[in-house]
Amino acid sequence: MTTTYRADSVTTPPSPYTARLQTSGNVTAIVLDLEGQVAASGRLTTADAFGIVDQVETAPAHRSRGLGNVVMRSLAPHALRHGADTGVLVATDDSHRPYRALGWTVRTPVAAAYIPEPRSA
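Rules behind the numbers
- Residues numbered from 1 in each chain as written.
- Predicted model: local features only at pLDDT ≥ 70, side-chain atom pairs only at ≥ 80, totals over all residues.
- Heavy atoms only, no water.
- Pairing = 2+ DSSP bridges.
- Helix = DSSP H or I, 4+ residues; strand = E, 2+ residues; numbered from the N terminus.
- Axes fitted to C-alpha atoms, helices over the stretch in contact; angles between N-to-C directions.
- Contact = heavy atoms within 4.5 Å.
- Core = buried A, V, L, I, M, F, W, Y, C linked by side-chain atoms within 4.5 Å.
- Buried < 20%, exposed > 50% of the residue type's maximum accessible area, 1.4 Å probe, protein only.

Draft legend 1. Examining the sheet that holds strand β3 (residues 27–32) more closely. Read from one edge to the other, the open sheet built from six strands follows the order β1-β6-β5-β4-β3-β2, with strand pairing classed as mixed. Where the open sheet ends on each side, the last strands, each with one partner, are β1 (2–4) and β2 (18–22). On average, adjacent strands in this sheet sit at an angle of 25° to one another, irrespective of strand direction. Where β3 meets strand β4 (residues 38–47), six bridges bridge the pair, whose relative direction is antiparallel. Residue pairing in the sheet places V31 in a bridge with A40 of β4. Its contacts with the sheet put helix α1 (residues 67–81) on β2, β3, β4 and β5 (50–58), and the angle it makes with β4 is roughly 25°.

Draft legend 2. Structural detail: the nonpolar core. Judged by nonpolar contacts, the single largest core of 23 residues is most densely connected at V53, L89 and W104. Of all the elements in the fold, those that place two or more residues in this core are β3, β4 and α1. A total of seven residues in this core trace back to one element, the largest contributor, which is α1. Setting aside chain neighbours within four positions, we find W104 in contact with M1, T2, T3, Y5, V53, M72, G87, V88, L89 and Y99.

In structure tokens, the structure reads:
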């Protein structure tokens, strides 16, 4: 999936959540719950004009509250600061809908990862 990053995309999480960014190396957006536990997070790295997003996750107990939206929109300004105006991410069919709502476009289908069961000796 791809998108064009916009500078005005920072979002504040709903109460009682708080958001922060870790900027050492890759940029990681983190949304914390009232107890300070990670409710949602995502990571950004840049390569030339591309801001590559990965490891986006919202904890099951915190889904459907817009926290993934906060994560994704918080990463965009940092991509732009590093000269990356095109966002890239890999998303399975099951996760396309929320990304499309944020302006991402599917470029090619990706199947969910298959992890084989360990073999017994």
